[in-house]
Each structure stands twice: as C-alpha cells, then as structure tokens.
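An overview of the molecular structure
Read off the chains here:
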Amino acid sequence: MPAAEPYRAWATFSFAAASGRTNECDLFIAVPGGLYLLELKGHPGRVVNHGDTWQFHDDRVRTLKNPLHLTDLKCKELKGQLERAARSMGVDPRRVPFIKPAVFLHAPGLVSGLDEFQRINVYGRNDGAGGLDRIWDDLLGKPPERESLRVTPQSAQLLEQLMQKIGISDTTAHLRYGDDWKLEPGVLDAGPGWEDRLAVRDDGLVQEGGRVRIYLVEHWPGTQLACDVHRLASQTLLRRADRQRRESEVERSRL
C-alpha cells in the first residue's frame, strides 16, 4: 500500500456498536476506491463449501460459516458510529463513505473450491494462484466506481478524527463474564441481537468451560429490537428452567 494520502489502515481493533455489541475487526482500510472492512482467514489447504458452511482441508478439517454476513453487520455498525461521531463534531454525516465488507483468505498456497455464490466478496492473495479474485488488483487497488465516491485526502483525514472519536481500542475488558469467567475473543456464532462465545473459569479453583450466549440490547430502550431481544432472552430462560425441572423430576423418580 503506498505511503501516501488517502491510504490508511487500522488493524486488530474493537469498537462498541450502538447495539451494545463489541465488534472485533481484523483490518479497516481506506483506499481511493472506497472504505473496506476485511475479515482475514489464514487457514491453509483447500477450501470447499456446502451451502454457507466452509471446510478447509489440510492436516485436519476446519469448519466455519461464511464470515461475510457478520462482516457486513460490522460495516453497518461501524458506519453508524462514525456518523454519530460526525454529528457530535458538527460534521455532515453524509461525508462518511459507505463501508464494504470483504473476506481475505491469505494462506500461501490456498486452493479455492468455493462455488460461485460463496466466492462473492471473497479474495485471495495477489498472485492469483488460489482461484479467487486478487485482494489488491481486483479490490483494493481498483479506482472508484464513479468519481463522486473517491476517497480524498480530506475525507481520509476526517476518517482519522472520527475513528479517534468513537474510541477504537484493543481492550479486553469486555471479555469478562461475572467475576470468575473469561470469554474468548473470537465469536463462535452471531445473529441479530445475540452472539455466542466460549468461556473458561479463571478463578484458579475449578477447570470448567462453556458456551455463553450474550443478548445485545440497543442503548435506547423501547426500540423494537430491544423488545425482541428481551423476549428471546426470556424464552431461553424459560426453556432452561423447564429442562431443569424435567431433569429434577427424572432424578426424583429414580430415587
């Protein structure tokens, strides 16, 4: 990437969205052609898909969901926070460009067997040997679709100020669950209003792990999303209580 305006990049950072979600980002980059949020995956071997489930075949099989959907959600939430920061600074929020999601499979020698639908917005290394579009020549190095969308030195400098305003960080304070549990930084799965993470006890007393579902609520109470999330969380608690009741009844019947 040229060491010149408007080229800028932010790597391995997190930001808090208005939904309450803490989004972890691999690479946010500004180039003349636009703003891109890249999800980086370094799994080696050959990647194939069954629907939106990807499998990387090498010394072992690694399975994951196509991360593009979650990356697109992060793009929307990042743009929303940048627009709010712009308003607070007295800047027209329309000056914040659209942020596009992309997945970069960067393992050397990776071979892609992804179908035509799963290859959308997925890129490989710039040597083009993996069967995917090239990350620089086919995306980051391309000119804007039209001149009005060009990222200028002035808009890149504004972006720098807005990123500082929203308070991006590499903090891990959000990875605490109560006093005794530590959440893994990577999200296992996510959807509208929730995300799942692995959790381990770190109190030094018991070796224990589990999967924690976190329900995210808008900062502004009373919104439809907040109501939906509260209802979903309540249903989950009721199902859990019902399951525990049935297990207790079975235990009593055995006694």
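In what follows, the structure referred to is the one given above.
Small disclaimer: the values here were computed from a predicted structure and weren't measured.

**Side note on the sheet that holds strand 1 (residues 8–16)**
If you trace the six strands from one edge of the open sheet to the other, you get 1-2-3-7-9-10, paired in mixed fashion. The open sheet has two free edges, formed respectively by strand 1 and strand 10 (133–134), since each of these has just one partner strand. Where helix 1 (residues 68–88) meets the sheet, it contacts strand 1, strand 2 (22–31), strand 3 (34–41) and strand 7 (99–105), and its direction lies at approximately 145° from that of strand 7. Against the sheet, helix 3 (residues 153–166) touches strand 1, strand 2 and strand 3, its axis set at about 25° to strand 1.

**What about the nonpolar core?**
Among soluble globular proteins, nonpolar side chains are generally buried collectively. One finds Phe 28, Leu 78, Leu 82, Ile 99, Leu 159 and Met 163 to be the most contacted residues of the largest nonpolar core, which totals 24 residues. Secondary-structure elements contributing two or more residues to this core are strand 1, strand 2, strand 3, helix 1 and helix 3. At six residues, the largest contribution of residues to this core is made by helix 3. Not counting chain neighbours up to four residues away, the residues in contact with Leu 82 comprise Val 96, Ile 99, Leu 159, Leu 162, Met 163 and Ile 166. Grouped together as the second largest cluster of nonpolar side chains are twelve residues, Phe 56, Leu 64, Leu 68 and Ala 107 included.

**Remarks on helix 1**
Helix length check: helix 1, at 21 residues, gives a terminal C-alpha distance of 30 Å against a target of 30 Å (1.5 Å per residue), a fit within 8%. Immediately downstream of helix 1, the backbone of Gly 90 shows phi near 75°, a positive value.

**Focus on helix 3**
Taking 1.5 Å of rise per residue, the 14 residues of helix 3 would be expected to cover 20 Å, and the 20 Å separating its terminal C-alpha atoms lies within 8% of that figure. Phi for Gly 167, located one or two positions after helix 3, is positive at around 75°.

**A closer look at the pattern of salt bridges**
If you walk through the whole model with that rule in mind, you get 20 salt bridges. When the shortest N-O distance is used, the salt bridge between Glu 77 and Arg 21 registers 3.6 Å. Here the residue Glu 77 occupies a position in helix 1, and Arg 21 occupies one in the loop between strand 1 and strand 2, the gap between them amounting to 56 residues. Residue classification places Glu 77 among the buried positions, given a relative accessible area of 14%. Under the relative-accessibility criterion, Arg 21 is labelled buried at 3%. The partner of Arg 211 in a salt bridge is Asp 196, and the shortest N-O contact between them spans 3.0 Å. Of this pair, Arg 211 sits in strand 15 (residues 209–215) while Asp 196 sits in strand 14 (residues 194–201), and the two are 15 residues apart along the sequence. With a relative accessible area of 3%, Asp 196 lands in the buried category. Among the charged side chains, a network of salt bridges with common partners joins Arg 21, Glu 24, Glu 77, Glu 195 and Arg 197.

**Some remarks on the pairing of strand 2**
For strand 2, a buried count of eight out of ten residues is recorded, marking the element as mostly surrounded by other parts of the structure. Sheet analysis places strand 1 next to strand 2, joined by eight bridges and oriented antiparallel. Its bridge partner lying in strand 2, Phe 15 is registered against Asn 23. Count of turn residues in the strand 1/strand 2 antiparallel hairpin: five residues, of which Gly 20 carries a positive phi of about 100°. Bridge count for strand 2 against strand 3 is five bridges, and the pairing is antiparallel.

**Considerations on the sheet that holds strand 8 (residues 111–113)**
In spatial order, the strands read 6-5-4-8; together these four strands make up an open sheet with mixed pairing. This sheet does not close on itself; its edge strands, each paired only once, are strand 6 (61–65) and strand 8. Here the average twist between neighbouring strands, direction ignored, is 20°.

**Here we look at the side chain of Ser 112**
Locating Ser 112 in the fold gives a position in strand 8. Polar side-chain contacts of Ser 112 include one of 3.3 Å to the backbone nitrogen of Leu 114. When residues no more than four places from it in sequence are discounted, the contact partners of Ser 112 are Arg 46, Val 47, Gly 130 and Leu 132.

**Concerning the environment of Leu 198**
Tracing the chain through its elements places Leu 198 in strand 14. With 15 residues separating them in the primary sequence, Leu 198 and Arg 213 have C-alpha atoms 8.9 Å apart.

What counts as what
- The residue numbering used here restarts from 1 in each chain and proceeds along that chain's sequence as written.
- Local features in a predicted model are, by the rule used here, given only for residues with pLDDT of at least 70; side-chain atom pairs are given and counted only at 80 or more, and totals for whole chains, interfaces and linings are based on all residues.
- Water and hydrogen atoms were dropped before computing side-chain values, which therefore reflect all heavy atoms in the structure.
- In this analysis, strands are considered paired if DSSP registers two or more bridges between them.
- Strands here are runs of E lasting at least two residues and helices are runs of H or I lasting at least four, both read from the DSSP assignment and numbered beginning at the N terminus.
- Residue contacts follow a heavy-atom distance rule, with two residues in contact if any of their heavy atoms lie within 4.5 Å.
- Interaxial angles span 0 to 180 degrees and are taken between N-to-C directions of axes, which are lines fitted to C-alpha atoms, for helices over the stretch in contact.
- Residues belong to one nonpolar core when they are buried, are Ala, Val, Leu, Ile, Met, Phe, Trp, Tyr or Cys, and are joined through side-chain atoms within 4.5 Å.
- Between buried and exposed lies partly exposed: a residue is buried under 20% and exposed over 50% of the maximum accessible area for its type, with that area taken using a 1.4 Å probe on protein chains only.
- Between the first and last residue of a helix there are one fewer steps than residues, each counted as 1.5 Å, and that sum is the expected span.
- Salt bridges are defined by distance alone: a side-chain nitrogen of Lys or Arg within 4 Å of a carboxyl oxygen of Asp or Glu.
- Two N or O atoms form a polar contact when they lie within 3.5 Å of each other; inside protein one atom must be a possible hydrogen donor and the other a possible acceptor, and for residues adjacent in sequence the pair counts only when both atoms belong to side chains.

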